[in-house]
Amino acid sequence: MIIKLYNSLTHRLEEFTPIDSNNVRMYVCGPTVYDRPHIGNARPTVIFDVLYRLLKYKYKNVTYVRNITDIDDKIYKASQEKNVDIKTITNEATEMYHSDTLALNVLPVDVEPHATDHIIEIIEFIKKIIANGYAYEINGHIYFDTVKFEKYGQLSNVNERISGARIEVSDNKRNSADFVLWKPADDNFPIGWDSPWGKGRPGWHIECSAMSYKYLGKQFDIHGGGCDLIFPHHENEIAQSYVVNDKMPAKYWIHNGHVTVNGTKMSKSLGNFFTINDLLDEFPGEVIRLALLMTHYRSPINFSKELLVKAKNILNRWYTAIKNNYRCGNDIDKKALDALTNDLNTPMLIAYMSDIVSDINRGQKFLIPTFVNTARSLLGVMTLSPEDWFKGNVVNKKLIEEEIAKRTLAKKNKDYITADEIRTKLLAKGITLEDTPTGTQWKHL
Ligand SMILES: [Zn+2]
């Protein structure tokens, strides 16, 4: 079995050969935590989860690191707006990211480093960049000198991009592409950590270089993220890591395409902004997951409710086909695997799975166990029993259970108003509750 992946660094489809087949290592840039995750956050999370599943299928040990960016001006702004401290904002948003992506059947990663827990490592990394002559200090700011690093721009062909891209404007910098490694505490983020350059905070790019080095070493196999990270984020990560370790930090650079909603860029003001949590009120997590996988990961995806309805119809058809002979086997369908090893071709995989369903519907019931296991293992869908799927078809089972847990707690605290509100809210979705001595049971009307 050969896995082929499109490498953004070489612009080619390449055969994946790990540096150490006893420990395949992948780093993916994770969320900046200040808000409910939206569908734009969900896409890379689900795509790299599929890649992780595929790698785990082939290799015995896979180390998947996905960071949490918990230092950012947006975080401080959110804490001011909500009038709570930064730690509360980042803890809550991290929780939300975990629970919402868990509802999409995303597997937990192996290491999830937070930037705030790695200030010492980040400072050490910056010191090495300075010692090697690739950074300079101006007024408490440390900048990376992009002109000194001759290989700057190898991932993004930066010279073509530089004029149009989002680059920090500053009078202090020597060159317009230079980027900040450390900056002093200011009104945008008044919290600071002690450093040789005064109280301040790290830039965003350096956090990924320092943390990927700590957990995956000088060079690892895969570095992933959304295509909007190619420049400047990943270009700058390469520059930082290269001048410290004299190596390309990762062999394969994998990027997913943009997410638009109803044909336009997602934005809160346009009202086309879907959080995962909002969508989970209307659709089971598996439906959202499948909808994201119906487009090839490198293509832009145009997300809409219609797409979710399409995904739901597919899963309805799949669950209907297995309903009366439901069994999960241990084998993986060979052709399904071929689709996935071909640069994660999930649309081809889904089309092929639908063909198997047609065969099942024509009476080939013996295909069911392998079909179910393939859908589960590779796509991360069909994880419910058909009974639960049809019961929870309109709403998400996990969310109902969360609501029930909240209601139980409210009742325990004698907060009957909240308990009643939850019952009413669930009833509006067609869910009835019955309190029994062993707990609350629910039924879908
Ligand atoms: Zn990153």
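Refer to the structure presented above.
This report concerns the structure included in the present document.

Conventions we followed
Residues numbered from 1 in each chain as written. Predicted model: local features only at pLDDT ≥ 70, side-chain atom pairs only at ≥ 80, totals over all residues. Heavy atoms only, no water. Pairing = 2+ DSSP bridges. Helix = DSSP H or I, 4+ residues; strand = E, 2+ residues; numbered from the N terminus. Contact = heavy atoms within 4.5 Å. Axes fitted to C-alpha atoms, helices over the stretch in contact; angles between N-to-C directions. Donors = N, O, S within 2.8 Å, 3.2 Å for Na, K, Ca; no water. Tetrahedral: all angles 85-135°; square planar, octahedral: opposite > 155°, others 65-115°. Core = buried A, V, L, I, M, F, W, Y, C linked by side-chain atoms within 4.5 Å. Buried < 20%, exposed > 50% of the residue type's maximum accessible area, 1.4 Å probe, protein only. Phe/Tyr/Trp six-rings, centres within 6.5 Å; stacked < 30°, edge-to-face > 60°. Lys NZ or Arg CZ within 6 Å of the ring centre and 35° of its normal. 1 Å grid on protein atoms, 1.4 Å probe; cavity = no way out; pocket = protein on both sides within 12 Å on 5 of 7 lines; lining within 4 Å. Points joined across faces, edges and corners; volume = space filled by probe spheres on them. Nonpolar A, V, L, I, M, F, W, Y, C, P; charged D, E, K, R; others polar. Salt bridge = Lys/Arg side-chain N within 4 Å of Asp/Glu carboxyl O. Lys, Arg positive; Asp, Glu negative; His and termini not counted. Polar contact = N/O pair within 3.5 Å; in protein donor to acceptor, adjacent residues only side chain to side chain. Parallel < 35°, antiparallel > 145°, perpendicular 65-115°, else oblique. Left-handed = near helix turned anticlockwise from the far one by under 90°.

1. Details of the sheet that holds strand β12 (residues 264-265)
Strand pairing in a sheet takes place through backbone hydrogen bonds and is either antiparallel or parallel in direction. Strand order in this open sheet of 3 strands is β12-β11-β13, and the pairing throughout is mixed. Of all strands in the sheet, those with a lone pairing partner are β12 and β13 (301-303), marking the two edges. In this structure, strand β11 (residues 259-261) lies alongside β13, joined through 3 bridges in parallel fashion. Note on β13: the bridge partner recorded for Val261 is Phe303. Packed on one face of the sheet, helix α1 (residues 39-58) meets β11 and β13 and runs near 140° to β11.

2. Observations concerning the sheet that holds strand β7 (residues 179-184)
A sheet is described by the order of its strands in space; here 4 strands give the open sequence β5-β6-β7-β8, paired in antiparallel fashion. The open sheet is flanked by β5 (135-138) and β8 (200-202), the only strands paired with a single partner. When the angles between neighbouring strand axes are averaged without regard to direction, this sheet yields 20°. Direction of pairing for strand β6 (residues 141-144) relative to β7: antiparallel, over a ladder of 3 bridges. Counted as the bridge partner of Tyr143 is Val180 from β7. Sheet contacts for helix α4 (residues 119-131): β5, β6, β7 and β8; angle to β7, the most-contacted strand, approximately 125°.

3. Notes on the coordination of the zinc ion
Ligation of the zinc ion by protein atoms is provided by Cys29 (SG), Cys208 (SG), His233 (NE2) and Glu237 (OE), these donors lying 2.0 to 2.8 Å from the ion. Note that the zinc ion binds 4 donor atoms; their angles at the metal cover 75 to 132°, and the shape is irregular.

4. Regarding the nonpolar core
With 76 residues, the main nonpolar core has Ile39, Leu55, Phe303, Trp318 and Phe371 as its most contacted residues. It is α1 that contributes the most residues to this core, 10 residues altogether. Residues in contact with Ile39, not counting those within four places in the same chain, are Val259, Val261, Met266, Phe274, Leu279, Ile288, Leu292 and Phe303. Listed in part, the 46 residues of the second largest apolar core include Ile122, Cys208, Phe231 and Ile238.

5. Some details on the pairing of β7
Counting buried residues in β7 gives 5 out of 6 residues, a clear majority hidden from the surface. Pairing analysis gives 3 bridges linking β7 to β8, with the strands arranged antiparallel. Residue pairing across strands places Pro184 opposite Gly200, the latter belonging to β8.

6. Topic: the packing of aromatic side chains
Counted under the stated rule, the structure contains 16 aromatic pairs. Ring centres of Tyr136 and Tyr143 lie 5.7 Å apart, and the angle between their planes is 35°; this geometry places the pair in the tilted category. Just as Tyr136 is buried, Tyr143 falls in that class too. Among the aromatic residues, those joined into a ring-pair cluster are Tyr134, Phe144, Phe149, Phe179 and Tyr242. One cation-aromatic arrangement involves Lys323 over Phe390; the distance from NZ or CZ to the ring centre is 5.3 Å.

7. Concerning empty space enclosed by the protein
Take a probe with the size of a water molecule and roll it over the atoms, and the empty space left behind shows itself. Counting across every chain of the model gives 1 cavity of 30 Å³ or more. The computed volume of the largest cavity comes to approximately 40 Å³. Taken together, Ile47, Val50, Leu293, Thr295, His296, Tyr297, Leu344 and Thr346 make up the lining of the largest cavity. Split by residue class, the lining of the largest cavity holds 5 nonpolar, 3 polar and no charged.

8. Some thoughts on the pattern of salt bridges
A side chain with one charge may pair with a side chain of the opposite charge, provided their charged atoms come close. Inspection of the entire model under this criterion finds 21 salt bridges. Close ionic contact of Arg201 with Asp186 constitutes a salt bridge, the shortest N to O distance being 3.4 Å. Residue Arg201 is located in strand β8, and its partner Asp186 is located in the loop between β7 and β8; the two are separated by 15 residues in the primary sequence. For Asp186, a relative accessible area of 30% puts it in the partly exposed group. Through salt bridges with shared partners, one network takes in Arg407, Lys411, Arg423 and Asp435.

9. Considering the side chain of Arg43
Structurally, the position occupied by Arg43 is in helix α1. No salt bridge is formed by the buried Arg43. Its closest oppositely charged neighbour is Asp228, at 9.4 Å. Within the structure, the side chain of Arg43 is placed 3.4 Å from the backbone oxygen of Tyr297, a separation counted as a polar contact. Excluding its chain neighbours within four sequence positions, the residues that come into contact with Arg43 are Asn256, Gly257, His258, Val259, Leu292, Thr295, His296, Tyr297, Ser299, Pro300 and Ile301.

10. Describing the packing of helix α6 (residues 204-216) against helix α7 (residues 230-245)
Where α6 meets α7, the closest approach of the two axes is 8 Å, and the angle between their N-to-C directions is 50°. In terms of their interaxial angle, α6 and α7 are classed as oblique. Crossing hand, α6 versus α7: right-handed. Across the interface between the two elements, Trp204, His205, Ile206, Cys208, Ser209 and Tyr213 from α6 touch Pro232, His233, Asn236, Glu237, Gln240, Ser241 and Asn245 from α7. When grouped by side-chain class, the residues that make up the contact of α6 with α7 number 5 nonpolar, 7 polar and 1 charged.

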